[in-house]
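One letter stands for each residue in the lines below.
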Amino acid sequence: MKVITMNTAAEIGAAAGSMFVQTVQNKENAVLGLATGATPLPTYDYMAQACARGEVSFKKVSTFNLDEYCDLPQSHKNSYFTFMSENLFSRIDVDMQNVHFLNGNAPDAEAESRRYAAEIEAAGGIDIQFLGIGRNGHIAFNEPSDKFTNDAFKVHLTESTIEANSIYFDDVPMPHYAMTMGIGSIMRAKKIVLVATGKSKAEAVRAMICGDIDPHCPASILKAHPDCTIFLDEDAASLL
Ligand code: PGA
């Protein structure tokens, strides 16, 4: 993995965003793996601004998001679908027919996992995947565990994740379950870009980069990926 430390989240957003823009400039029907949370926002700002400047068109791209809450309507203000619509899709010229999400309310999680894997494969596989990292080392909602996962599955979120994300919920309690892409689905992406900013990520970043590959730090698997770039700010890099 290539580790790059930069001064500000905005600089990182421009660097990570330009990797996505270049991917689409080189392949107009590129397949983008996208993430939610605070971390990708500067990257999405850069992509939206590049599109507004006419430097790139996302008309032919397909997108696949990493995860979605269970037991929450897709139209709810806290769904990841709403997050993506507000922070990226409404700001670029993507065709919403090509936007793919796991259905957190699917009655059969295993069938839903098979559907998502088949759609990713039919699109030609993910060309570039954005990742954040949880304070506990999770990627997507792959929480620390005794083994690495493969395709998408329904996960019971850990206390650490519920504590980190419940600040966004005011009208309903935060769901305790989500559908998430598995580690195998993430590792099959041709290129991976992980961004970590802030002190709260420093310990997870240290375990990911300096520790062994271990499912108790799910992000550590990225050491085995042939094309993975990690962008850190000074705070996230402070324990390296
Ligand atoms: P954050 O979440 O970007 O909101 O910090 C990252 C994650 O939990 O993967």
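Cut-offs used in this document
- Residues numbered from 1 in each chain as written.
- Predicted model: local features only at pLDDT ≥ 70, side-chain atom pairs only at ≥ 80, totals over all residues.
- Heavy atoms only, no water.
- Helix = DSSP H or I, 4+ residues; strand = E, 2+ residues; numbered from the N terminus.
- Rg over C-alpha atoms; globule rule 2.2 N^0.38 Å.
- Buried < 20%, exposed > 50% of the residue type's maximum accessible area, 1.4 Å probe, protein only.
- Contact = heavy atoms within 4.5 Å.
- Areas by Shrake-Rupley, 256 points an atom, 1.4 Å probe, with all protein chains shown as cover.
- Lys, Arg positive; Asp, Glu negative; His and termini not counted.
- Charge placed at Lys NZ, Arg CZ, Asp CG, Glu CD.
- Pairing = 2+ DSSP bridges.
- Axes fitted to C-alpha atoms, helices over the stretch in contact; angles between N-to-C directions.
- Expected span 1.5 Å × (residues − 1).
- Core = buried A, V, L, I, M, F, W, Y, C linked by side-chain atoms within 4.5 Å.
- 1 Å grid on protein atoms, 1.4 Å probe; cavity = no way out; pocket = protein on both sides within 12 Å on 5 of 7 lines; lining within 4 Å.
- Points joined across faces, edges and corners; volume = space filled by probe spheres on them.
- Nonpolar A, V, L, I, M, F, W, Y, C, P; charged D, E, K, R; others polar.

(A) Representation of the overall build of the protein chain in the model. Secondary structure summary: the protein chain contains seven helices and 10 strands in total. By the compact-globule yardstick of 18 Å for 240 residues, the protein chain fits well, its C-alpha radius of gyration being 17 Å. The dimensions of the protein chain, computed from C-alpha atoms along their principal axes, are 45 × 40 × 35 Å. Looking at the protein chain residue by residue over its 240 residues, the buried ones come to 52%. Considering only contacts within the protein chain whose residues lie at least 6 apart along the sequence, 78% involve residues at least 24 apart. As displayed, the protein chain has an accessible area near 10500 Å², and 51% of this comes from carbon and sulfur atoms. In the protein chain, which carries 19 positive and 30 negative side-chain charges, the distance between the mean positions of the two groups comes to 5 Å.

(B) Inspection of the sheet that holds strand S7 (residues 153-156) at higher detail. In space, the three strands of this open sheet follow the order S4-S8-S7, with antiparallel pairing throughout. Edge positions in the open sheet fall to strand S4 (67-69) and S7, since each of these has one partner strand only. Pairs of neighbouring strands in the sheet enclose a mean axial angle of 30°, with direction left out of account. Here S4 runs beside strand S8 (residues 177-180); their pairing, made up of three bridges, is antiparallel. Looking at the pairing, Asp67 lines up with Thr180 of S8.

(C) Spotlight on helix H1 (residues 9-26). Spanning 18 residues, H1 covers 26 Å between terminal C-alpha atoms, matching the ideal 26 Å at 1.5 Å per step. For H1, the set of buried residues is Ile12, Gly13, Ala15, Ala16, Gly17, Met19, Phe20, Val21, Thr23 and Val24. Buried residues along H1 sit in contact with strand S1 (2-6), strand S2 (31-34), helix H2 (41-52), strand S6 (128-131), strand S9 (191-196) and strand S10 (228-233).

(D) Main features of the nonpolar core. Among the nonpolar cores identified, the biggest contains 76 residues, and Leu32, Phe58, Ile139, Leu194, Met208, Leu222 and Phe231 are the most heavily contacted of them. Per element, the largest residue contribution to this core is seven residues, and it comes from H1.

(E) Main features of the layout of surface pockets. Computed from the structure, the largest pocket encloses a volume of approximately 740 Å³. What lines the largest pocket is a set of 33 residues, among which Thr36, Gly37, Ala38, Asn165 and Tyr168 lie closest to the centre. Sorting elements by how many residues they give to the lining of the largest pocket places helix H5 (residues 159-165) first, with four residues. A breakdown of the residues in the lining of the largest pocket according to their chemical character gives 14 nonpolar, 14 polar and five charged. In this structure, the second largest pocket occupies an estimated 210 Å³ of space.

(F) Quick look at the sheet that holds S2. Taken in spatial order, the seven strands line up as S1-S10-S9-S6-S2-S3-S5 in an open sheet, and their pairing is parallel. The open sheet has two edge strands, S1 and strand S5 (99-100), and neither has a second partner. In this structure, strand S3 (residues 62-65) lies alongside S5, joined through two bridges in parallel fashion. If you follow Thr63 over to S5, its bridge partner there is Val99. Each of S1, S9 and S10 touches helix H7 (residues 202-210); the most contacted strand, S10, lies at about 145° to it.

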